[in-house]
Each structure stands twice: as structure tokens, then as C-alpha cells.
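Given next are the chains, with one letter for each unit.
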Amino acid sequence: MSQNLLMLGIDVGTTSAKSMIFNTQGVVVGSSEVSYPTLSPQPAWSEQDPEVILQAVKGSIKQAVASSGLAPNKIAAAGFSTAMHSLLAVTKDGKAITNSIIWSDNRSSEQVRKLKQTNEAAAFYMRTGTPIHTMSPLSKLLWMREHTPNVFNDAYKFISIKEYIWFHLFGEFVVDYSIASATGLFHLEKNEWDLDILSSIGLPIDKLSPLVPVTYKKELPYTSLADELGVSQAMPFVIGASDGVLANVGAGAGASDKTIITIGTSGAIRRTVDQPITDPLQRTFCYALTENKWVIGGATNNGGNAFRWFRDEWSKGKSSGGDEPVTEDLYEYLLHLASTSPAGAKGLVFMPFLNGERAPYWNPDARAGYIGIANHHTQADFTRALLEGVIFSIYSVGTALQELGGPIKEIRASGGFARSELWLQILADIFGHTIEIPASYHASAFGAGIIALIGGGQLDHLEESDRWTDVTQMIEPDLTTHQTYAQIFEIYQSIYLALEKPFQQLADIQKTHIHKPYE
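**A closer look at the environment of Ala 443**
Inference 1: With respect to the secondary-structure elements, Ala 443 resides in helix α15 (residues 443-455).
Inference 2: Ala 443 gets classed as buried once you look at its relative accessible area, which sits at 4%.
Inference 3: If sequence neighbours within four positions are ignored, Ala 443 has contacts with Leu 246, Ala 247, Gly 250, Ala 251 and Ser 414.

**A closer look at the pairing of strand β1 (residues 6-12)**
Inference 1: Most of β1 sits out of view: 7 of its 7 residues are buried.
Inference 2: Pairing analysis gives 7 bridges linking β1 to strand β2 (residues 16-23), with the strands arranged antiparallel. Bridge pairing links Val 12 to Ala 17 in β2.
Inference 3: If you look at the hairpin formed by β1 and β2, you'll find 3 residues sitting between the two strands.
Inference 4: Where β1 lies against strand β5 (residues 77-82), 6 bridges are found, and the strand directions are parallel. The partner of Ile 10 across the bridge, within β5, is Phe 80.

**Quick word on the packing of helix α1 (residues 50-68) against helix α6 (residues 161-170)**
Inference 1: Relative to each other, α1 and α6 sit at 65°, their axes nearing to 10 Å. Every pair of crossing elements has a handedness; the one defined by α1 and α6 is right-handed. When α1 is examined against α6, the residues Pro 50, Glu 51, Ile 53, Leu 54, Val 57 and Lys 58 are found in contact with a partner set consisting of Ile 161, Tyr 164, Ile 165, His 168 and Leu 169.
Inference 2: Grouping the constituent residues of the contact of α1 with α6 by class yields 8 nonpolar, 1 polar and 2 charged.

**Notes on α6**
Inference 1: Where burial is concerned, most of α6 is hidden: 9 out of the 10 residues are buried.
Inference 2: Those residues of α6 not exposed but buried are Ile 161, Lys 162, Glu 163, Tyr 164, Ile 165, Trp 166, Phe 167, Leu 169 and Phe 170.
Inference 3: Following α6 by one or two positions, Gly 171 has its phi on the positive side, about 75°.

**Remarks on the pattern of salt bridges**
Inference 1: Scanning the entire structure with this criterion turns up 17 salt bridges.
Inference 2: Residue Asp 105 pairs with Arg 107 through a salt bridge whose shortest N-O separation is 2.9 Å.
Inference 3: Put simply, Arg 283 and Glu 403 hold a salt bridge, and the shortest N to O gap is 3.0 Å. Here Arg 283 is found in the loop between β16 (267-273) and β17 (285-288), whereas its partner Glu 403 is found in helix α13 (residues 379-405), with 120 residues between them in sequence.
Inference 4: Accessibility expressed as a relative area gives 16% for Arg 283, which makes it buried.
Inference 5: With relative accessibility at 57%, the residue Glu 403 sits in the exposed group.
Inference 6: Among the charged side chains, a salt-bridge network with shared partners connects Glu 110, Arg 113, Asp 365 and Asp 508.

**Concerning the nonpolar core**
Inference 1: Within the largest apolar cluster, 99 residues are counted, with the highest numbers of intra-cluster contacts made by Ile 261, Leu 386, Leu 387, Phe 417 and Phe 431.
Inference 2: For this core, the leading source of residues is α13, giving 12 residues.
Inference 3: Apart from residues no more than four positions distant in its own chain, Phe 417 is found in contact with Ile 261, Ile 263, Ile 391, Trp 423, Leu 424 and Leu 427.

**Let's talk about the environment of Gln 510**
Inference 1: Inspection of the secondary structure puts Gln 510 in helix α17 (residues 479-510).
Inference 2: Each C-alpha atom of the pair Gln 510 and Ile 10 lies 37 Å from the other, and the pair is 500 residues apart in sequence.
Inference 3: In this structure the side chain of Gln 510 is engaged in a polar contact, spanning 2.6 Å, whose partner is the side chain of Arg 367.

**Re the sheet that holds strand β18 (residues 294-300)**
Inference 1: Sheet architecture is open: 7 strands sit in the order β17-β18-β16-β15-β21-β22-β23, paired in mixed fashion. Two strands close off the open sheet at either side, each with one partner strand: β17 and β23 (471-475). Each strand of the sheet is rotated relative to its neighbour by a mean of 30°, with strand direction disregarded.
Inference 2: Pairing of strand β21 (residues 411-414) with strand β22 (residues 435-438), which is carried by 2 bridges, proceeds in the parallel orientation. If you follow Arg 412 over to β22, its bridge partner there is Glu 436.

**Focus on the side chain of Asn 363**
Inference 1: Looking at where Asn 363 falls in the secondary structure, it is placed in the loop between β19 (349-351) and β20 (369-371).
Inference 2: Of note is the side chain of Asn 363, whose polar atom sits 3.1 Å from the side chain of Tyr 496.
Inference 3: Beyond its immediate chain neighbours, meaning those up to four positions away, Asn 363 contacts His 133, Gly 356, Glu 357, Arg 358 and Tyr 496.

**Regarding helix α2 (residues 109-116)**
Inference 1: For α2, the complete set of buried residues consists of Ser 109, Gln 111, Val 112 and Leu 115. The buried residues of α2 occupy one face: seen down the axis, they fall within an arc of 160°.
Inference 2: Among the structural elements, α3 (120-128) and α4 (137-147) are those in contact with the buried residues of α2.

**What to know about the packing of aromatic side chains**
Inference 1: Evaluation of the coordinates by the stated rule reveals 31 aromatic pairs.
Inference 2: Consider the rings of Phe 307 and Trp 423, whose centres lie 5.7 Å apart with planes at 80°: the pair is edge-to-face. Taken together, the residues Phe 307 in helix α11 (residues 304-315) and Trp 423 in helix α14 (residues 421-431) connect sequence positions 116 residues apart. This pair shows no difference in class: Phe 307 is buried, exactly as Trp 423 is.
Inference 3: Geometrically, the ring pair formed by Tyr 361 and Tyr 496 is stacked, given 3.7 Å between the ring centres and 15° between the ring planes. Taken as a pair, Tyr 361 in the loop between β19 and β20 and Tyr 496 in helix α17 lie far apart in primary sequence, 135 residues in all. Just as Tyr 361 is buried, Tyr 496 falls in that class too.
Inference 4: Each member of the aromatic cluster is reached from another via a ring pair, and the members are Phe 353, Tyr 361, Phe 392, Tyr 395, Phe 431, Tyr 485, Phe 489, Tyr 492, Tyr 496 and Phe 503.

**Focus: the environment of Ile 97**
Inference 1: Among the structural elements, Ile 97 can be located in the loop between β6 (88-90) and β7 (100-101).
Inference 2: Considering only alpha carbons, one finds Ile 97 and Tyr 156, 59 residues apart in sequence, at a separation of 9.9 Å.
Inference 3: Ignoring any residue separated from it by four or fewer positions in sequence, one finds Ile 97 in contact with Ala 89, Val 90, Thr 91 and Ala 155.

Cut-offs and rules
Residues numbered from 1 in each chain as written. Predicted model: local features only at pLDDT ≥ 70, side-chain atom pairs only at ≥ 80, totals over all residues. Heavy atoms only, no water. Helix = DSSP H or I, 4+ residues; strand = E, 2+ residues; numbered from the N terminus. Buried < 20%, exposed > 50% of the residue type's maximum accessible area, 1.4 Å probe, protein only. Contact = heavy atoms within 4.5 Å. Pairing = 2+ DSSP bridges. Axes fitted to C-alpha atoms, helices over the stretch in contact; angles between N-to-C directions. Left-handed = near helix turned anticlockwise from the far one by under 90°. Nonpolar A, V, L, I, M, F, W, Y, C, P; charged D, E, K, R; others polar. Salt bridge = Lys/Arg side-chain N within 4 Å of Asp/Glu carboxyl O. Core = buried A, V, L, I, M, F, W, Y, C linked by side-chain atoms within 4.5 Å. Polar contact = N/O pair within 3.5 Å; in protein donor to acceptor, adjacent residues only side chain to side chain. Arc of directions from axis to C-beta. Phe/Tyr/Trp six-rings, centres within 6.5 Å; stacked < 30°, edge-to-face > 60°.

Now the structure itself:
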């Protein structure tokens, strides 16, 4: 295979669409990012306008190609990575009749509570690998059936944001195995829609898109559309997979058992396996990567969004010691401030559940809080405790993952947090393990490009692409600090268990008030 191949990875995330052109060493030669908002028209709702996202995707592709200075025919293939769990209803001609309901939407919490009280819940999870939670399209469909029966009955199809984009580019409704496997409606071992689950919720199978492999490809149908995107009409577009599993591919773990930790808007820890593995305690997910590779792990609802909330709502551009605005980048200022607080933040613990929580608790009613506040605590301590709380949430999933998949051998970190040496050091110290940093922070987009080359016929196996990812930095743990964190983690777990009932009571009160979750 030529080492000069160029690939386009299109990463449709929670806050923006990123299009990035890579070579096979993961070097970015052209990129663009177009942001879009999340809407919260009702308490606990999180939606996005699918047409706004479609236009953001188109714009980011055109701008990425333009920024590279490349002739369009130099790009071998393009692939998609998209966030999981989105759901929208459409007409036969692809017109959206709802907004896209995204992963952080909690409107279906009551439907989830009811389902968890039945024997079906555990059976559904064991077959699909998708935990019973408000994030999943399964629970959103239950909510629609109860609250918007006209939409539930009259919609031509229920689709993800990727399917919406694909239809408006190529004129067909299809969904890849990877996105389908995160719906709670897909049988992991059979690689098909689970007819028993569909029957139980009263959803005909023809209201879902036909299933295709992640390497499924199409070419743009019109020259005018290729011109609009700034690409060659002959370039294959490959449908790709979800952003979660593609983060493993882009970090060099598409076919190996390296553990990948990603923290962007939210966070996740994942491992690639050769067969579906589900957890009898329902703490982890299992999603399809390809037809013979799966990814197990867990996602947390609160990562970089927690830090952004802290910056926006607490810091207000001020230091703790005066009224003068901080002129340097506020994130950098807060990270520096946090570095002056010792490990453990002088006995201050942050529970990072601003948007409820996914793994390992799968509790949409979990709520955030600082525990242990005393008059000696400063802004530095509050900032450090927040950074530590996000990593404790990842570590709580990691402990479950080790029970299922065996001891961690290698850890690689990707996502926006990997640009913070302090946050990476906290990660290394909490896990007590060396952290490897790949050359590119954009693992999901790079993974989409790699799958595009497989779909386009330029690459045979994921094993080959795993060797493309260079490690540029190693973060070593401080084992003394690790012992400190081990003690605090026990407290973190006990706090969660003690507050489960108050969390639910507070969530019920909050549902009567409009609020805007931080995505």
C-alpha cells in the first residue's frame, strides 16, 4: 500500500463537525471545524437541528479540502464518524419532523425507571450490549410512544444523525452496524435488528433503516454536489462507524487490546475485543466496530463539559484574589491554578454528574456536587477537585472493565484533555499506570479515515493501521500519589451510593424548572 495516501475523516460530534485530511502517519494536511448549538426547549431535553448539522458537515468538508491546497482527486476516500444514540423522525423524502434527540437527553427517565423494574431490561442489555439508559434510542422511542403517539405512528423512519446526512448526500436510508449497535435495538451476535425488542415496543422493522457494514461505500450522485463539497465525484464515501469505536482505531487499537481513554465533551474508556462481551452487572457497553471486532467499555456524561461549566459559571474571568480580569486564556489560568493544589485537593471531592451519569451507574438522575467543603478551600482546590472527579468517573468504569477483560496492559489517551499535562498526570496517578499519548488528538476522525481506506480497497486490515499511530509522549505515574487517590476513590464510591436516593429527589425537583445542560 502506498504510504502517500490521503484520507478524509468527517467527525460529527456533539458540538461541531470536523473534517480532517490525514496521511497514513496521522499528520493533518487540511482541516476545518464548524460548530453548532444544542437546544434545550424543555427541562432535561437536549436536541439539535439536523439541517444545521448537515450544512455544518458540508461546510467543513469544503473548507478542509480548500485549506489543504490539494487537488480534490488526491484524496483516496472519505469516511464518517458520528456520535452515538441520536434519534429523529423523518418523512419518506428525508424531511425531519423532529429535532435530533442526542445522547445527553434525559426526557425518558421515567420510561427507563419503569423498564428497569421488569425482567426484560437485563435481557435486552445482554442481547444488545446497550445499557438501559435515557441515552439510547430505545428509551427515546418509548417516550415518543407515550408522549407523541402521532410522531411514533406516522413517522416514515426513525434514524440517527448519520443516516440523515447520508440520505441527503446519497438518497438512501441505510445504517452501519456500529451506529445500529448503540440503539438498544440491535442483536450483537446476529448482526441484525432484534425483532423481539421491536415487537415489545410496537415498532415495525420497516421504520428502521436497512443494515450495512461499516465499509459500505457510495459515490456522490451529482457533479453539482461534488462541486458544493469541493471533492472529486469519483472519491468513495464510506459510511464508517461511531465516534467511540473509531477513537480506538485512530489511537492504534483497532485490532489490539490496548485501553483507550478519550475525554472530549464527555469521556470514555474502551478496549477492542474479538467477541461480544456483556456484563452481568450491566456496568459496561459492548458495541460493534466491524463484523468481527467489538469494543467494550463505558462512557461518562461529564468530561470537558464539566470544565467548561466551571469556567463559565464559577470563574467569570476573575481570579480568586481580586477583581481584575484574567487576561490570559482562562482555561490555561485555571489549569495553572489547579496545579498549585495538592493531589486530593485538600480533602475536597467533586462528583461530576452535571448531566446525570452513564457508566458504570447508568443513572440519569445522578447530580453533581462538591463534598467536603471547608473554609480552607480555595479556587485552586475547587478546580483541581473538578479535574480529579472527571478522572474518578473514568476510573470507576475502568475497574469494571478490568473485571471483564482482564488487567490493563497499555493505556493511550486522546481527546481535548490530552493537551493538558496536569490532567494527564492526574490520569496516570489515579490509574497508577503509564499513559501513552498518540501523535494526533483527533482519534475518531483519523479512525474514520482508516475505515474509509478499508472500504475504498486501499487497506486490507485494521492490524496494519494500528502500526501507523506514533506515541509522542509518555506520562509516568507517581505511585505515592496513586495511593492517595486510591483512598479518595473509595470515598468517591461511597458518596455515590449514599446519595443515590437524594439524587433522584433533587432530579425530580429540577425537572420542574427550565435548565440548559452543558454539552
